[in-house]
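Residue strings, one per chain:
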Amino acid sequence: NWAGKSDAFKVLQTPTTKTLVPAKDESINFDTTENIFIEGENLEVMKVLQKSYFGKVKMIYIDPPYNTGNEGWVYNDNVNDPKINKWLGQVVGKEAEDLTRHDKWLCMMYPRIKLLHKLLSDDGVIFISIDDNEYSNLKLLCDDIFGYPNCIGPIVQNKMNAKNDTVNVQKNHEFIVLYRKKGTTTEGTKVNPSIIN
């Protein structure tokens, strides 16, 4: 649980009034391709996509803000809670500057991960890039939404560009969190291995 979770759920439940407008001039083979490029605020876009792609997406990859305190991302989901209204439009700061930054990150991620879960087909998988700033929170959030047994596991990725640090342990890795939509421990994974290779 975290500050603002119930309001993050309200954001998820609030219907969108947005529509998708094709950008044919920016697309290649617009009429014949099965791939879609969409530009827009991702929460609203995912709500619109539910109408046509609910349960149909085989694979999702996202690269959310890592919440390092250096990114300058703005928490701006539309909610009515006074505590969250105080957060709106504020740049999320470093740990010492902003003691609620992990709550804000979870409030931002929760409705998005829930919507992505709904877009996945039963044999679909999601890959989420993250570092150690929010890895543990992301893991618990995905366990809650996807179910612990549907965690395929983290992929540990060597960054290859970590700088030497004489004060702290050198951090030279990031994670790709990997979950499947559905599966059971008795049947094994239902994920097509060719998707992961």
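Structural data are supplied above this passage.
**Q** Give me the sheet that holds strand 6 (residues 173-180): which residues, what numbers.
**A** Within a sheet, each strand pairs with its neighbour through backbone hydrogen bonds, oriented either parallel or antiparallel. If you walk across this open sheet you meet the four strands as 1-4-6-5, and the pairing is mixed. Each edge of the sheet is formed by a strand with only one pairing partner; in this case those strands are strand 1 (57-62) and strand 5 (151-158). Averaged over neighbouring strand pairs, the angle between their axes works out to 15° when direction is ignored. By the bridge criterion, six bridges tie strand 4 (residues 120-130) to strand 6 in an arrangement that is antiparallel. Across the sheet, isoleucine 126 pairs through a bridge with tyrosine 179, a residue of strand 6. In the packing of helix 4 (residues 101-119) onto the sheet, the strands contacted are strand 1 and strand 4, and the crossing angle to strand 4 comes to about 150°.

**Q** How would you explain the side chain of lysine 139 if you had to name every residue and give the values?
**A** One can find lysine 139 in helix 5 (residues 135-146). On the accessibility criterion, lysine 139 (16% relative accessible area) is buried. Residues contacting lysine 139, with those up to four places away along its chain left out, are Tyr148, Cys151 and Tyr179.

**Q** An account of helix 1 (residues 5-13) is needed here, citing residue identities and associated values.
**A** Residues of helix 1 that are buried include every one of Asp7, Ala8, Val11 and Leu12, and no others. Considered in projection along helix 1, the buried side chains sweep an arc of 160° and stay on one side of the axis.

**Q** Account for the pattern of salt bridges, naming residues and giving values.
**A** The final tally for this structure, using the stated rule, is six salt bridges. Between arginine 112 and glutamate 41 there is a salt bridge, with the nearest N and O atoms lying 2.9 Å from each other. With arginine 112 in helix 4 and glutamate 41 in the loop between helix 1 and helix 2 (42-53), the pair connects residues that are 71 residues apart, well separated along the chain. Glutamate 41 sits in the partly exposed class, given a relative accessible area of 36%.

**Q** Explain unusual backbone geometry residue by residue, including any values.
**A** Excluding glycine, most residues fall at negative phi; most peptide bonds, likewise, are trans. Here the phi dihedral of asparagine 67 falls at roughly 60°; this positive angle occurs in a residue that is not glycine. On the secondary structure map, asparagine 67 appears in the loop between strand 1 and strand 2 (74-75). When its relative accessible area of 0% is taken as the criterion, asparagine 67 is described as buried.

**Q** Any details on the pairing of strand 6? Residues and values, ideally.
**A** Burial analysis of strand 6 places seven of its eight residues in the buried class, which makes it a mostly covered element. By the bridge criterion, seven bridges tie strand 5 to strand 6 in an arrangement that is antiparallel. Residue pairing across strands places glutamine 157 opposite glutamate 174, the latter belonging to strand 6.

**Q** Pulling in residues and values, what's your account of helix 5?
**A** The terminal C-alpha atoms of helix 5, which comprises twelve residues, lie 16 Å apart, in line with the 16 Å expected from a rise of 1.5 Å per residue. If you check which residues of helix 5 are buried, you get Tyr135, Leu138, Lys139, Leu141, Cys142, Asp143, Ile145 and Phe146. Buried positions along helix 5 lie against helix 4, strand 4, strand 5 and strand 6.

**Q** A description of the packing of helix 4 against helix 5 should follow, citing residues and the corresponding values.
**A** Their axes nearest at 10 Å, the elements helix 4 and helix 5 cross at an angle of 35°. In the crossing of helix 4 with helix 5, the sense of the turn from one axis to the other is right-handed. Note on element contacts: helix 5 touches helix 4 through Asn137, Leu138, Leu141, Cys142, Asp144, Ile145 and Phe146, opposite His102, Trp105, Leu106, Met109, Tyr110, Ile113, Lys114 and His117. Within the contact of helix 4 with helix 5, the residues separate by chemical class into ten nonpolar, three polar and two charged.

**Q** Kindly report on the state of the cysteines, identifying the contributing residues and their values.
**A** Per the counting criterion, the structure on display carries zero disulfides. Take cysteine 142: it sits in no disulfide, and the sulfur closest to it among the cysteines is that of cysteine 151, at 8.2 Å. Accessibility expressed as a relative area gives 0% for cysteine 142, which makes it buried.

**Q** Mind laying out the packing of aromatic side chains, listing which residues take part and the relevant values?
**A** All told, the structure shown has three aromatic pairs when counted by the stated rule. Ring geometry for tryptophan 2 versus tyrosine 110: centroids 5.7 Å apart, planes at 65°, classification edge-to-face. Highlighted residues: tryptophan 2 in the segment before helix 1 and tyrosine 110 in helix 4, separated in sequence by 108 residues. Tyrosine 110 carries the same exposure label as tryptophan 2, and that label is buried. The interplanar angle of 35° and the centroid separation of 5.4 Å between the aromatic rings of phenylalanine 146 and tyrosine 179 together place this pair among those described as tilted. Within this pair, whereas phenylalanine 146 is found in helix 5, its partner tyrosine 179 is found in strand 6, the two being separated by 33 residues in sequence. A relative accessible area of 5% places phenylalanine 146 in the buried class.

What counts and how
Counting restarts for each chain: residues are numbered from 1 in the order of the written sequence. Confidence filtering applies because this is a predicted model: local features only for residues at pLDDT of at least 70, side-chain atom pairs given and counted only at 80 or more, and all residues used for totals across whole chains, interfaces and linings. With hydrogens and water excluded, all non-hydrogen atoms of the structure serve as input to the side-chain values. Two strands form a pair only when DSSP identifies at least two bridges running between them. Counting from the N terminus, the helices are DSSP H or I runs at least four residues long and the strands are E runs at least two residues long. What counts as an axis is a line fitted to C-alpha atoms, over the stretch in contact for a helix, and the angles between N-to-C directions run from 0 to 180 degrees. Note on contacts: a residue pair is in contact if any heavy atoms of the two residues lie within 4.5 Å. Only protein chains enter the accessibility calculation, which uses a 1.4 Å probe. A residue is then buried if its area is under 20% of the maximum for its type, exposed if over 50%, and partly exposed in between. Directions from the helix axis toward the C-beta atoms define the arc. Whenever Lys or Arg places a side-chain nitrogen within 4 Å of a carboxyl oxygen from Asp or Glu, that contact is recorded as a salt bridge. What a helix is expected to span follows from its residue count: subtract one and scale by 1.5 Å. Throughout, a crossing is termed right-handed when the near helix is turned clockwise from the far one, and left-handed when it is turned anticlockwise from it by less than a right angle. Under the scheme applied, nonpolar residues are Ala, Val, Leu, Ile, Met, Phe, Trp, Tyr, Cys and Pro; charged residues are Asp, Glu, Lys and Arg; polar residues are all the others, including Gly. Defined by distance alone, a disulfide is two cysteine sulfur atoms within 2.5 Å. Here a pair means two rings of Phe, Tyr or Trp (six-membered ring of Trp) with centres within 6.5 Å. Their orientation is stacked below 30 degrees between planes, edge-to-face above 60, and tilted elsewhere.

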